[in-house]
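What follows is the residue order along each chain.
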Amino acid sequence: MRNTTRYPVEGANSLWHVYKTVPFWKVVKNFIVIQLGRYTPFLGMKNWLYRTFLGVKVGEQTSFALMVMLDVMFPEKISVGRNTVIGYNTTILAHEYLIKEYRLGPVEIGSEVMIGANSTILPGIMIGDGAIVSAGTLVHKDVPPGCFVGGNPMRVIYTKEELEKRWEEDPIYRNVKKSGHI
């Protein structure tokens, strides 16, 4: 189960109540900062914008690719470890507005994680250190450290142990376990 807090609403669907849950000017500021970050090719600048103006926790040497879309309403609920790559056009959500309720939940992405292009990460998700998320994946549940996951619905493709075995003969990844980088 995802780690979200549920808030019931009465009357119209929860999105009609949006500015009772998050200030309008916060959303405007976040939107502008996120759009600047989505299009800038300077990775250090993106990280600085996200840390300084959005309150996102971003580890050193983490890379947000072009067009990554952070949660515009609650970006401060997102944390990303060090040396992680978030692929092109990935969406990271910390909220979901439904008919009878809205939900908020932190998104915790570990260190040395690879998230493929066009993935969507739902609120309340934890992705463990060294995990790999295949392109186009809907991340609707937690991802264990070191696993390779993908698909819609998301499933484990390789466990950490299976992935390490596959990489034993790989000239790049065979030394990963020995060096302790993942």
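Check the entry above for the structure.
The model shown is predicted, which means the values in this text are computed figures rather than measured ones.

## A look at a nonpolar patch on the surface
And then number 1: Side chains of Phe 42, Met 45, Trp 48 and Phe 53 sit close together on the surface and give an oily, nonpolar patch of about 440 Å² of accessible area.
And then number 2: Relative to the assigned elements, Phe 53 resides in helix 3 (residues 43–54).
And then number 3: Judged by relative accessible area, which is 35%, Phe 53 ranks as partly exposed.

## Remarks on the pattern of salt bridges
And then number 1: Enumeration over the complete set of coordinates arrives at 7 salt bridges.
And then number 2: When the shortest N-O distance is used, the salt bridge between Lys 26 and Glu 76 registers 2.9 Å. Residue Lys 26 is found in helix 2 (residues 24–39), and its partner Glu 76 is found in the loop between strand 4 (69–70) and strand 5 (78–80); the two are separated by 50 residues along the sequence.
And then number 3: Lys 26 sits in the partly exposed class, given a relative accessible area of 23%.
And then number 4: Two residues, Glu 60 and Arg 51, come together in a salt bridge whose shortest N-O distance is 3.9 Å.
And then number 5: Given the relative accessible area of 57%, Glu 60 is considered exposed.
And then number 6: Ionic contacts of the salt-bridge type, sharing partners, join the residues Arg 2, Arg 6, Glu 96, Glu 101 and Arg 103 into one network.

## Examining the environment of Met 1
And then number 1: Looking at the element boundaries, Met 1 is found in the segment before strand 1 (5–8).
And then number 2: As for Met 1 and Asp 142, which are separated by 141 residues in sequence, their C-alpha atoms are 8.3 Å apart.

## As for the pairing of strand 9 (residues 101–104)
And then number 1: Where strand 1 and strand 9 come together, 4 bridges link them in antiparallel fashion. The residue bridging Tyr 7 from the neighbouring strand is Tyr 102, located in strand 9.
And then number 2: Sheet topology note: the strand 8 (residues 95–97)/strand 9 ladder contains 3 bridges and is antiparallel. Note on strand 9: the bridge partner recorded for Tyr 97 is Tyr 102.
And then number 3: The hairpin formed by strand 8 and strand 9 contains 3 residues between the paired strands.

## Quick notes on the sheet that holds strand 17 (residues 155–158)
And then number 1: Taken in spatial order, the 6 strands line up as 3-6-11-14-16-17 in an open sheet, and their pairing is mixed. Each end of this open sheet is capped by a strand with a single partner; those strands are strand 3 (63–64) and strand 17.
And then number 2: Running at roughly 30° to strand 17, helix 4 (residues 160–167) makes contact with strand 14 (132–133), strand 16 (148–150) and strand 17 of the sheet.

## Let's talk about the sheet that holds strand 7 (residues 91–92)
And then number 1: The strand order across the open sheet formed by 4 strands is 4-7-12-15, and the pairing between neighbours is parallel. Strands at the two margins of the open sheet, each flanked by one partner only, are strand 4 and strand 15 (138–139).
And then number 2: As judged from the 2 bridges shared by strand 7 and strand 12 (residues 120–121), these two strands associate in the parallel manner. Bridging from a neighbouring strand, Thr 91 pairs with Thr 120 of strand 12.

## Some words on the side chain of His 17
And then number 1: With respect to the element layout, His 17 can be found in the loop between strand 1 and helix 1 (18–21).
And then number 2: A polar atom in the side chain of His 17 sits 3.1 Å from the backbone oxygen of Glu 10.
And then number 3: With near-sequence residues (within four places) excluded, His 17 lies in contact with Val 9, Glu 10 and Ala 12.

## Regarding the nonpolar core
And then number 1: Residues Leu 70, Ile 109, Ile 121 and Ile 127 are the most contacted members of the largest nonpolar core, which totals 41 residues.
And then number 2: Secondary-structure elements contributing two or more residues to this core are helix 2, helix 3, strand 4, strand 5, strand 9 and strand 10 (107–109).
And then number 3: Other than its neighbours up to four places away in sequence, Ile 127 contacts Glu 108, Ile 109, Gly 110, Val 113, Ile 115, Ile 121, Val 133, Val 139 and Val 143.

## Quick word on unusual backbone geometry
And then number 1: Backbone torsion omega between Asn 152 and Pro 153 reads 10°, so that peptide bond is classified as cis.
And then number 2: With respect to the element layout, Pro 153 can be found in the loop between strand 16 and strand 17.
And then number 3: One non-glycine residue, Gln 61, lies in positive phi territory at about 60°.
And then number 4: Its location among the elements puts Gln 61 in the loop between strand 2 (57–58) and strand 3.
And then number 5: In the Ramachandran plot, Met 67 falls in the positive-phi region, its phi being about 75° despite a non-glycine side chain.
And then number 6: Along the polypeptide, Met 67 turns up in the loop between strand 3 and strand 4.

About the criteria used
Residues numbered from 1 in each chain as written. Predicted model: local features only at pLDDT ≥ 70, side-chain atom pairs only at ≥ 80, totals over all residues. Heavy atoms only, no water. Patch = residues over 30% accessible without salt bridge, like charges linked within 9 Å, V, L, I, M, F, W, Y side chains within 5 Å. Areas by Shrake-Rupley, 256 points an atom, 1.4 Å probe, with all protein chains shown as cover. Salt bridge = Lys/Arg side-chain N within 4 Å of Asp/Glu carboxyl O. Helix = DSSP H or I, 4+ residues; strand = E, 2+ residues; numbered from the N terminus. Buried < 20%, exposed > 50% of the residue type's maximum accessible area, 1.4 Å probe, protein only. Pairing = 2+ DSSP bridges. Contact = heavy atoms within 4.5 Å. Axes fitted to C-alpha atoms, helices over the stretch in contact; angles between N-to-C directions. Polar contact = N/O pair within 3.5 Å; in protein donor to acceptor, adjacent residues only side chain to side chain. Core = buried A, V, L, I, M, F, W, Y, C linked by side-chain atoms within 4.5 Å.

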